[in-house]
Amino acid sequence: MKKRISFICMALGIFLISGQTIAQNKEKTVEVGGAPMYPSKNIVENAVNSKDHTTLVAAVKAAGLVETLMGEGPFTVFAPTNAAFEKLPKGTVDYLLKPENLKMLQQVLTYHVVAGRLDAKSLQASIKAGKGKAVLNTVSGGKLTASLKGNSIQLTDENGNSALVTIADVHQSNGVIHVIDQVVTPKN
């Protein structure tokens, strides 16, 4: 009898796990960093699987922003890749990750976040309505300027540095991610 119950529990577990996998496979995913990003998962649940965003994930953890980005949102996150962080001056990431620089790290990271769900289509519409530019208010209180560079959305920070959206519209349960090729920074 115990073996039969164990077998039934095991079969039920396999069924539930495979059912979740089937449901996830039916979702329209975008691959980022070698991993599918599921619209049913939140920003953090997806980002931790991207091998191209390990630096960003480590910074989000160090800044204590995991719970926020797992929250209801919606959020639009402009997510710099590991390669984008590597373009910063040598030692910048290590400096920001020091506990005494927590507020600065939080400011830099929240500068990459805009309240609301802004997909590429709505960003392009805002750029068109603004005659080539759309000013986005970031969660940190700063501003990013969105424009078009060819067919790509370009972000310009308050210091005049630019980043291109390389992968747009990575939909999440609590927002949308746009992968960018540079780290944008708030006004010095």
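Counting restarts for each chain: residues are numbered from 1 in the order of the written sequence. Local features are withheld for residues below a pLDDT of 70 in this predicted model, meaning they are given only at 70 or higher, and side-chain atom pairs are given and counted only at 80 or more; totals for whole chains, interfaces and linings count all residues. Based on all heavy atoms of the structure, the side-chain values leave hydrogens and waters out of the count.

Trainee: Lay out unusual backbone geometry with the relevant residues and their values.
Mentor: Note: most peptide bonds trans; most residues except glycine with negative phi. For the bond from Gly73 to Pro74, the omega torsion is 5°, close enough to zero to count as cis. Elements are defined by DSSP. Helices are runs of H or I of four residues or more, strands are runs of E of two residues or more, and each kind is numbered from the N terminus. Tracing the sequence through the fold places Pro74 in the loop between helix H4 (66-69) and strand E3 (75-80). Non-glycine residue Asp169 carries a positive phi angle of around 60°. In this structure, Asp169 sits in strand E8 (residues 162-172).

Trainee: Give me the nonpolar core: which residues, what numbers.
Mentor: The nonpolar side chains of soluble globular proteins are, as a tendency, buried together. Buried residues of nine kinds, namely Ala, Val, Leu, Ile, Met, Phe, Trp, Tyr and Cys, make up a nonpolar core once their side-chain atoms join them within 4.5 Å. In this scheme, a residue with accessible area under 20% of its type's maximum is buried, one over 50% is exposed, and one in between is partly exposed, where area comes from a 1.4 Å probe on protein chains only. Val77, Leu109 and Ile177 are the most contacted members of the largest nonpolar core, which totals 26 residues. Elements with a contribution of two residues or more to this core: strand E2 (35-37), helix H2 (43-47), helix H3 (54-62), E3, helix H5 (82-86), helix H7 (102-110) and strand E9 (175-180). Contacts are assigned to residue pairs that have any heavy atoms within 4.5 Å of one another. The contacts of Ile177, once residues within four sequence positions are left out, are Ile43, Val77, Ala79, Ile167, Ala168, Asp169, Val170 and Gln172. Counting 16 residues, the second largest nonpolar core, distinct from the first, contains Ala120, Leu123, Ile127 and Leu144.

Trainee: If you had to explain the environment of Ile180 to someone new, which residues and values would you point to?
Mentor: Within the element layout of this structure, Ile180 appears in strand E9. Those residues in contact with Ile180 that sit more than four places away from it in its chain are Phe78, Ala79, Pro80, Thr81, Ala84, His112, Leu155, Ala163, Leu164, Val165 and Thr166.

Trainee: Quick rundown of the pairing of strand E5 (residues 134-137)? Include the residues and the values.
Mentor: Residues Ala134 and Leu136 line the buried face of E5, whereas the alternating positions Val135 and Asn137 sit on a face that is not buried. Only strands that DSSP links by at least two bridges are regarded as paired with each other. When E5 meets strand E6 (residues 143-149), the two strands line up antiparallel, connected through four bridges. The residue of E6 that forms the bridge with Asn137 is Lys143. Joining the antiparallel neighbours E5 and E6 is a turn of five residues, in which Gly141 adopts a positive phi near 100°.

Trainee: Outline the confidence of the model for the protein chain, listing residues and values.
Mentor: The predictor rates its confidence in each residue with pLDDT, a number between 0 and 100. Predicted confidence across the protein chain gives a mean pLDDT of 87, with 86% of residues reaching 70 or more. Note on residues 4-25: pLDDT under 50 across the span, and four contacts to partners over four residues away in sequence or across chains.

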